[in-house]
Protein chains: 2
Amino acid sequence: MALSTQPYKGARDFYPEDKRLQKYIFGKLRETVERWGYEEYDAPILEPLDLYLAKTGDEIVNEQTYAFEDRGGRKVAIRPEMTPTVSRMVAARRQELAYPLRWYSIPNLWRYERPQHGRLREHWQLNVDMFGVDRLEADMELIQIADAIMRNFGARRSMFKIRLNNRRFVDYVLQKVLQFDHVQSYSVAKLIDRMHKMERDTFVTQLDALCTPSQREGGTVERLLKILSAQRISSLPEELQSHETVRELQVALERLHDLGLIHVEFDPTLMRGFDYYTGLVFEVFDTHPDNNRSLFGGGRYDGLVGLFGVEPVPTVGFGMGDVTLGDFLKVHELLPTLHPETRVYAALIGNVAKDAQRVIQDLRKEGVNVAVDISGRSIDKQFKTADKKGIPYVLVIGEQELSSEQFTLKDLRTGNEEKHSIERIATIVQDHRHADDEL
Amino acid sequence: MALSTQPYKGARDFYPEDKRLQKYIFGKLRETVERWGYEEYDAPILEPLDLYLAKTGDEIVNEQTYAFEDRGGRKVAIRPEMTPTVSRMVAARRQELAYPLRWYSIPNLWRYERPQHGRLREHWQLNVDMFGVDRLEADMELIQIADAIMRNFGARRSMFKIRLNNRRFVDYVLQKVLQFDHVQSYSVAKLIDRMHKMERDTFVTQLDALCTPSQREGGTVERLLKILSAQRISSLPEELQSHETVRELQVALERLHDLGLIHVEFDPTLMRGFDYYTGLVFEVFDTHPDNNRSLFGGGRYDGLVGLFGVEPVPTVGFGMGDVTLGDFLKVHELLPTLHPETRVYAALIGNVAKDAQRVIQDLRKEGVNVAVDISGRSIDKQFKTADKKGIPYVLVIGEQELSSEQFTLKDLRTGNEEKHSIERIATIVQDHRHADDEL
């Protein structure tokens, strides 16, 4: 029986045109974060399973991780996220590293999603983290970078908004103001995290079920609903507005608005899944009616590095997936037309493969990417191949051209044909490359 | 108990300085192969296990593959090599693709090596393949590219040699000339593949054991040893020299020598492990006395795409691992000094974080990568941090600088300090960047 040509379910093949798009996206991501002084790191896609048992959300380790035993009996996982890995790497060199540490990576991550959802099981995710600064300036910078990335893709600030909340504010409300015990607080936070995916009635019923009778009678549900409905800090109950965790939010919002990030909004319902967040959290949200959804987010997680037995390191970071980002760019029509890396297709007339080499090598030495048709087919078919590949120029090389040292260059986009020396041709196709890039 | 900070055994963390080296190497690889008209593709690191059961060497599937069952009971493998994957992708679009197809990829590959060997379990491997051309020109091009990559890293042709053989010649010798049956031929070929890793006596004894008594008496061992000892085609027994498979080798060698690749040599002992090769095979070999070993190689494999139930596609390709290449570059002292992506470290005096933003953003808009110290520490400590990070310039921003719009720029490599406007500073650090790149 013939082998299947399909990739593993829920995973993607990248044909050159797909890879081109990915390279464009990754290039923009790298450009932006490097502009802010971040340096790239990487790590193995396999990690000891233990790494994920500590502080990630339970669901991920238990149901969604690709975990198995290696041939030596070690339990390993294909990484579902990068945060535990980067925390491990920082912990390993806790003393030697120079803080503030600004690191980024674009790892491939895997999660086992049930096939019927039609959801992908792998994606690539930009991870941006700053280690060693517990001041608000660090949180501000990460939010500014999230904004800068979007804008570097050409997005206007009306196309997305940034939601902001404070995990310490949530803890304060649940534990101190509403007097939920530790287990209740955890369950209520998880419920709020899912509230936008359910009917309001369902949410209220489930919230009610988490309360004790005396909490119910004391109006706990109503008080929480009121807090969660606040769309700005000034709509919060007055006694909360002066609390230190709200002041922090207030200062952050003001500073970001001052910097022109007027699309940052307070959102008391923002939880950001993972249990490890310890301070401000934020989420970039698509405002397009056809793609009204969370794009990516992050926040402060000061506790992870310390899990490795070293002194804790304050950390702020976010992760941004390529699939979600790609959807955003598509729906807002922000994707440029991309061309293949190859600029020139050399079409050969007759048996000149050997002599044509010299000419082609001269062109390559000038920095031109040249593919040569060595199929021995008719010149017509060679032109068609170049066209099908989307290569902009065809260079014709036959015996006559080789002896006169004048070669026909055809621009397949305009149909224009000119005869030139190789030096001139190198200049023409290079100049046009820069012109194309600017379009 | 604290979590371990170690990566999974046999796998590598890439701290920024390691990643920088990898980016340099990958950049050179991409530059070279794109110059020859190759386009990048990619595929999932997980593949259905079936993909490897067909034509790869047995050892790899049985003992060295990371294989497991996913939560849906599907058998999957972490890819140990890229060739089956790229064949699958070509087969899936057999009809639509425009040949000759020139593709490359730099995938991460995994093999389970026993830990006691101290060998790595993962590496990154450049894969370069041409599909759709059965003519010798295709084989020539791949060997030229292998040579061009080495030279693009600054290697001279005395630093490495390229061994060339023909799998069809090996088959002819074993099956027709020496009359080994199919099973014997397979075993003898495998033995020859390992011959340089064993004593000559051991090789002869094992070869002898594979022969029938009548083969032994007929001098089969001696005849094979004579053929294997030939260091050039003219040293082969005369009756073999005119055989079509040897003529092909002869033509290839002559053409490559004509193109200046004088370091390509015939080597009848070259087998190149994998069973799927069907024609010319080659191997790049380090000539350095401290690293005298095979670096990488490839050859023609015309049968793989056809395994997917479509018409076969002639293919030539090679794979080049990052670890082996890195060792070569190190031992030949071909690695340049690499600098961090960040050009400027902004040190802040006093409480100016907010006002400094404007200046720093101006610099970034000019294309300068700037990290800012938001730690609030003494200026002395900020300078030390920049130095530790290897960032070449420190820009000092305090209230005085902000009001005069003249900023101190210190070059940490020369100790030189100058005061300039931000526009001038952008020019200085950009100009020097280009100068550094040329060093």
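Residues numbered from 1 in each chain as written. Chains lettered and ligands numbered in written order. Predicted model: local features only at pLDDT ≥ 70, side-chain atom pairs only at ≥ 80, totals over all residues. Heavy atoms only, no water.

**Notes on a negative patch on the surface**
All names here are of chain A. A cluster of like negative charges, contributed by Asp362, Glu366, Glu405 and Glu423, occupies part of the molecular surface. Topologically, Asp362 is positioned in helix 13 (residues 353-365). Residue classification places Asp362 among the partly exposed positions, given a relative accessible area of 31%. (Patch = residues over 30% accessible without salt bridge, like charges linked within 9 Å, V, L, I, M, F, W, Y side chains within 5 Å. Areas by Shrake-Rupley, 256 points an atom, 1.4 Å probe, with all protein chains shown as cover. Salt bridge = Lys/Arg side-chain N within 4 Å of Asp/Glu carboxyl O. Lys, Arg positive; Asp, Glu negative; His and termini not counted. Charge placed at Lys NZ, Arg CZ, Asp CG, Glu CD. Helix = DSSP H or I, 4+ residues; strand = E, 2+ residues; numbered from the N terminus. Buried < 20%, exposed > 50% of the residue type's maximum accessible area, 1.4 Å probe, protein only.)

**Points about the domain arrangement of chain A**
Once the domains are mapped, chain A shows domain 1 (16-331) and domain 2 (344-438). For domain 1 of chain A versus domain 2 of chain A, the distance between C-alpha centres works out to 50 Å. (Domains from an automatic or database assignment.)

**Concerning the side chain of Asn166 of chain A**
Residues and elements named next belong to chain A. One can find Asn166 in strand 8 (residues 160-166). You can call Asn166 buried: its relative accessible area is 0%. Here the side chain of Asn166 touches Arg168 through a polar contact of 3.0 Å, landing on its backbone nitrogen. In contact with Asn166, other than residues within four places in its own chain, are Thr245, Glu248, Leu249, Gly279, Leu280 and Val281. (Polar contact = N/O pair within 3.5 Å; in protein donor to acceptor, adjacent residues only side chain to side chain. Contact = heavy atoms within 4.5 Å.)

**Some details on the environment of Arg119 of chain A**
All names here are of chain A. Within the secondary structure, Arg119 sits in the loop between strand 6 (108-110) and strand 7 (122-131). On a C-alpha basis, the gap between Arg119 and Asp258 in space is 39 Å, while along the polypeptide they are 139 residues apart. When neighbours within four sequence positions are excluded, Arg119 is seen to be in contact with Gly10 and Glu113.

**A closer look at the pattern of salt bridges**
Enumeration over the complete set of coordinates arrives at 58 salt bridges over all chains. Linking Asp208 of chain B and Arg216 of chain B is a salt bridge whose minimum nitrogen-to-oxygen distance equals 3.3 Å. Three or more residues are tied together by salt bridges with common partners; here these are Lys19, Lys23 and Glu341 of chain A together with Arg30, Glu34, Glu40 and Asp42 of chain B.

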